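In case you want the letters, here they are:
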Amino acid sequence: MTFRIDAADIAAPAPRGPARGGQALWWRSQLPAALGPCSNDVCRLEDGLTLAYADYRPGRDLLESSAIERAGRALTITLALEGASSTLVSDGQCFAFNAGHSTVTAFASVRGLRRFPAQRRVRQLRLIAHEALLQRYGLEHLLDAAGADAGARQLFFDAQGGASRQLARTLVHLHDRDGGLLALQIAALSLLSEQSRALLAPAPAPGRLGDHERQRLLQARDILLQQYGQALSIAYLCTATGSNEFKLKQGFRELFGTSPHRMLTEIRMKKAWELLESGLRVSTVADHVGYRHLSSFSAAFERHYGRTPRSVARSR
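The structure displayed is predicted, hence computed values, not measured ones.

Draft legend 1. View of the overall build of the protein chain. Of the regular secondary structure elements, the protein chain holds 10 helices and 13 strands. For the protein chain, the spread of C-alpha atoms along the principal axes amounts to about 70 × 45 × 35 Å. Sorting the 316 residues of the protein chain into buried and exposed places 44% on the buried side. Considering only contacts in the protein chain between residues 6 or more positions apart, those separated by 24 or more positions represent 68%. Taking the 40 positively charged and 29 negatively charged side chains of the protein chain as two groups, their mean positions are separated by 6 Å.

Right under this line is the structure:
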């Protein structure tokens with residue numbers, strides 16, 4: 001027997017996890033306990049950008065009514081992590097969400113029914129980017145294929161690539177461990193950039209840097225200088241600066257004579273040397289400059305300087 005619910009059956013969102021700066025990052029909505037463990041956690045990353053993590057295991061077939069009312073268009077990227085579900089919208093379209101696949105849709109105001117099978121776990125990540133945010137990052141053209149009003153339109157459906165799967169694992173890890181807002185933003189924007197590639201036009205041939213391109217490159221360099229302790233990626237730099245991978249890498253070679261990765265390594269190693277000389281433990285320094293594993297940091301440091309970080313710490 002299929003059970004049907006609507007917004008009135010869902011508990012009001014409540015804080016999940018510890019508050020940071022007086023405000024919880026994640027807010028959880030849960031279905032009635034009689035239906036089984038079904039929850040949806042939402043984190044507002046910045047104006048116009050929201051991340052949601054759904055984990056459903058209903059005891060019976062479930063139809064969940066939803067109504068989206070927006071002033072403008074938004075891009076929704078859904079990564080199906082486990083199980084399968086679908087959404088039937090009011091105009092008759094049906095969107096599938098199957099484990100291991102990404103679905104990119106454009107939504108404005110729309111009503112629909114979300115279907116979840118009984119006794120099967122369904123886990124999904126959803127990243128919702130509003131049109132104003134896409135404009136801020138130079139990605140508003142992603143909605144061009146959706147048309148002017150885009151009540152609901154699927155723009156992309158395919159198997160997840162390796163980069164998207166890794167970003168999904170990072171986001172779930174940050175969700176489970178109550179990771180910080182900046183780390184969530186970086187991973188989410190990296191995912192937005194990665195999933196946008198299928199909708200982007202090919203990059204133009206390289207040429208002389210204009211003032212606008214130069215400013216974007218300087219902005220990317222500043223991000224490396226300020227956020228070197230985070231898990232930065234090319235995808236994140238592209239989204240944050242409104243560039244693309246080809247332009248960013250080519251521009252770094254033209255303007256700085258190096259690659260983003262090499263510049264980041266140089267920044268991290270320079271800071272690591274300073275911290276080791278100040279007396280901090282090697283493990284603390286490794287974490288501070290963005291290395292999750294001490295062995296990776298030690299290997300990178302020795303390749304860069306030709307000596308181990310412990311030798312620097314002992315010589316202070």
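Draft legend 2. Structural detail: the pairing of strand β7 (residues 74–82). When you tally the buried positions in β7, you get 7 out of 9 residues, the bulk of the element. Across 6 bridges, the pairing between β7 and strand β10 (residues 101–107) is antiparallel. Of the residues in β10, the one forming a bridge with Leu79 is Ser102. Sheet analysis places β7 next to strand β12 (residues 122–130), joined by 8 bridges and oriented antiparallel.

Draft legend 3. Just the pattern of salt bridges, in detail. By the definition in use, this model includes 12 salt bridges. Residue Arg121 is joined to Asp55 by a salt bridge in which the shortest nitrogen-to-oxygen separation is 2.6 Å. Taken as a pair, Arg121 in the loop between β11 (110–116) and β12 and Asp55 in strand β5 (residues 49–56) lie far apart in primary sequence, 66 residues in all. Overall, the relative accessible area of 18% leaves Asp55 in the buried class. Residue Glu64 is joined to Arg114 by a salt bridge in which the shortest nitrogen-to-oxygen separation is 3.7 Å. In this pair, Glu64 is assigned in strand β6 (residues 62–68) and Arg114 in strand β11, connecting sequence segments 50 residues apart. Pair check on accessibility: Glu64 and Arg114 agree, each one buried.

Draft legend 4. Representation of helix α6 (residues 245–256). Between the first and last C-alpha of α6 there are 16 Å, a value that for 12 residues agrees with the 16 Å anticipated at 1.5 Å per step. Next to the buried residues of α6 lie α4 (211–226), α5 (234–241) and α7 (260–278). Residue Asn244 occupies the N-cap position of α6, its side-chain oxygen lying 3.2 Å from the main-chain nitrogen of Phe246. Directly after α6, the chain includes Gly257, whose backbone phi takes a positive value near 70°.

Draft legend 5. Spotlight on the packing of aromatic side chains. Under the counting rule described, the total for this entry stands at 8 aromatic pairs. A centroid spacing of 5.9 Å and a plane angle of 70° characterise the contact between Phe95 and Phe107, whose relative ring orientation is edge-to-face. Here the residue Phe95 occupies a position in strand β9 (residues 94–98), and Phe107 occupies one in strand β10, the gap between them amounting to 12 residues. When sorted by exposure, Phe95 lands in the same class as Phe107, which is buried. An aromatic cluster is present here, built from Trp273, Tyr291, Phe297, Phe301 and Tyr305 joined pairwise through their rings. Positioned above the aromatic ring of Tyr56 is the side chain of Arg114, whose terminal nitrogen or guanidinium carbon lies 5.9 Å from the ring centre. Its guanidinium or amino end placed over the ring of Tyr291, Arg268 lies 5.4 Å from that ring's centre, counting from NZ or CZ.

Draft legend 6. Up close: helix α9 (residues 294–305). An ideal rise of 1.5 Å per residue puts 16 Å on 12 residues; α9 measures up with 16 Å between its terminal C-alpha atoms. The complete set of buried residues in α9 reads Phe297, Ala300 and Phe301. The buried side chains of α9 occupy one side of the element, clustering within an arc of 100° when seen end-on. In α9, those exposed residues whose orientation departs by more than 90 degrees from the buried face are Ser295 and Arg303. In the core, the buried residues of α9 are packed alongside α7, α8 (282–288) and α10 (309–314).

Draft legend 7. Summary view of the pairing of strand β4 (residues 38–46). Burial of β4 is extensive: 7 of the 9 residues sit out of reach of the surface. The pairing of strand β3 (residues 23–30) with β4 spans 5 bridges and is antiparallel. Its bridge partner being in β4, Gln30 is matched across the sheet by Ser39. Strand direction decides the pairing type here: β4 and β5, joined by 8 bridges, are antiparallel. When the sheet's bridge partners are listed, Ser39 is paired in β5 with Asp55.

Draft legend 8. Spatial organisation of the packing of helix α2 (residues 162–176) against helix α3 (residues 181–196). Here α2 crosses α3 at 155°, and the two axes come no closer than 10 Å. Viewed along their axes, α2 and α3 adopt a mutual orientation that is roughly antiparallel. Regarding α2 and α3, the two cross each other, and that crossing is left-handed. Seen from α2, the contacting residues are Ala163, Ser164, Leu167, Thr170, Leu171 and Leu174; seen from α3, they are Ala183, Leu184, Ala187, Ala188, Ser190, Leu191, Glu194 and Gln195. Its residues assigned to classes, the contact of α2 with α3 comprises 9 nonpolar, 4 polar and 1 charged.

The rules behind the values
- Residues numbered from 1 in each chain as written.
- Predicted model: local features only at pLDDT ≥ 70, side-chain atom pairs only at ≥ 80, totals over all residues.
- Heavy atoms only, no water.
- Helix = DSSP H or I, 4+ residues; strand = E, 2+ residues; numbered from the N terminus.
- Buried < 20%, exposed > 50% of the residue type's maximum accessible area, 1.4 Å probe, protein only.
- Contact = heavy atoms within 4.5 Å.
- Lys, Arg positive; Asp, Glu negative; His and termini not counted.
- Charge placed at Lys NZ, Arg CZ, Asp CG, Glu CD.
- Pairing = 2+ DSSP bridges.
- Salt bridge = Lys/Arg side-chain N within 4 Å of Asp/Glu carboxyl O.
- Expected span 1.5 Å × (residues − 1).
- Polar contact = N/O pair within 3.5 Å; in protein donor to acceptor, adjacent residues only side chain to side chain.
- Phe/Tyr/Trp six-rings, centres within 6.5 Å; stacked < 30°, edge-to-face > 60°.
- Lys NZ or Arg CZ within 6 Å of the ring centre and 35° of its normal.
- Arc of directions from axis to C-beta.
- Axes fitted to C-alpha atoms, helices over the stretch in contact; angles between N-to-C directions.
- Parallel < 35°, antiparallel > 145°, perpendicular 65-115°, else oblique.
- Left-handed = near helix turned anticlockwise from the far one by under 90°.
- Nonpolar A, V, L, I, M, F, W, Y, C, P; charged D, E, K, R; others polar.

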